[in-house]
Amino acid sequence: MVRRMADPQFRAQQQRDRYAPHVRAVNELVDALHGADGRGWLPHVAPWHGGVHARVLSVLRDPGPKTQVEGGSGFLCTENDDASAERQARLFDQVGVCPRELLPWNAYPWYINKAPTPRQLQAGVDPVLRLVQLLPGLRVVLLQVATYHPSRQALFHADRAVRALREQDRVQAYQRVAELLT
């Protein structure tokens, strides 16, 4: 099942459990980053995921609109009600990586709803380094900032063969994550 955040009960449960022991340190980091250097808001990580027990860190570019509290879930989650989250959930499921092995994050963790500038991406380095220190069992980091991003935008190209190669590259990246976990 995908897009569980569309279910108000599932979303409410994630909200209630946002400081569960396995995600407490991660979401306390998120709280500490709120408004840092005037950067504004960023979503919590859903307790649906592995938190500090995650073996895979999946890094996208920046939080999308469905991570917003209003009109979204307020969380980074592969169960968000959007196409990118759905693709990511399906790909991880296809290769046998369960949500509890995963921790979603963003290269620029603050919500801006546009491509981050190089300076903004640089500002995201310290938070991701702080996050990695919270993950003692981390085995794989999947950087999906450009080519492997689960959105349709990563596939845009006039040449159908190029689009197919990009999709194949994306699937192979997820398969490699699963292989590295075994």
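Look up a bit, the structure's there.
Remember, predicted model here, so these are calculated numbers, not experimental data. Residue indices begin from 1 for each chain and proceed along its sequence in written order. Selection of residues for local features in this predicted model requires a pLDDT of at least 70, selection of side-chain atom pairs for listing and counting requires 80 or more, and totals for whole chains, interfaces and linings are taken over all residues. In computing side-chain properties, one takes all heavy atoms of the structure into account and sets aside hydrogens as well as water.

Secondary structure elements are defined from DSSP: runs of H or I of at least 4 residues count as helices, runs of E of at least 2 residues count as strands, and each element is numbered from the N terminus. A helix is expected to span 1.5 Å multiplied by its residue count minus one. Between its terminal C-alpha atoms helix α2 (residues 21-33) stretches 19 Å, which fits the 18 Å expected from 13 residues at 1.5 Å a residue. Restricting attention to buried positions, one finds in α2 the residues His-22, Val-23, Val-26, Asn-27, Leu-29, Val-30 and Leu-33. Its buried side turned inward, α2 meets β1 (44-45), β4 (102-106) and α5 (125-132). Gly-35, located one to two residues past α2, shows a positive phi value of around 75°. Residue burial is assigned from relative accessible area. The probe radius is 1.4 Å, only protein chains are included, and a residue is buried under 20% of its type maximum, exposed over 50%, and partly exposed in between. By the convention used here, residues are in contact when the closest approach between their heavy atoms is within 4.5 Å.

Right, let's get into the packing of helix α3 (residues 83-94) against helix α6 (residues 160-181). In the contact formed by α3 and α6, the axes pass within 9 Å of each other and the chain directions differ by 50°. Taken together, α3 and α6 sit at an angle that is classed as oblique. α6 is crossed by α3, and the crossing has right-handed handedness. In this structure, α3 uses Arg-87, Gln-88, Leu-91, Phe-92 and Gln-94 to contact α6, whose residues at the interface are Arg-170, Val-171, Tyr-174 and Val-177. Considering only residue class, the contact of α3 with α6 consists of 5 nonpolar, 2 polar and 2 charged. A fitted line through C-alpha atoms serves as each axis, taken over the contacting stretch for helices, and the angle formed by two N-to-C directions is quoted from 0 to 180°. Our angle categories are set so that under 35 degrees counts as roughly parallel, over 145 as roughly antiparallel, 65 to 115 as roughly perpendicular, and the remainder as oblique. For a crossing to be left-handed, the near helix must be turned anticlockwise from the far one by less than a right angle; the clockwise case is right-handed. When residue character is reported, Ala, Val, Leu, Ile, Met, Phe, Trp, Tyr, Cys and Pro are called nonpolar, Asp, Glu, Lys and Arg charged, and the others, Gly included, polar.

Backbone geometry places Arg-3, a non-glycine residue, at a positive phi of 60°. The backbone of Asn-113 shows a phi angle near 55°, a positive value even though the residue is not glycine. For Asn-113, the position within the fold is in the loop between β4 and α4 (118-123).

Let us look at the sheet that holds strand β5 (residues 140-143). The strand order β4-β2-β5 describes an open sheet built from 3 strands, whose pairing is parallel. Strands with a single pairing partner mark the edges of an open sheet, and in this sheet they are β4 and β5. Put simply, the sheet's adjacent strands are angled 20° from each other on average, direction ignored. Two strands make a pair as long as DSSP finds a minimum of two bridges between them. Two strands pair when backbone bridges link them, and strand β2 (residues 56-60) and β4 are joined in this way by 5 bridges, in the parallel orientation.

Treat this as a map of the structure, not an account of what it does.
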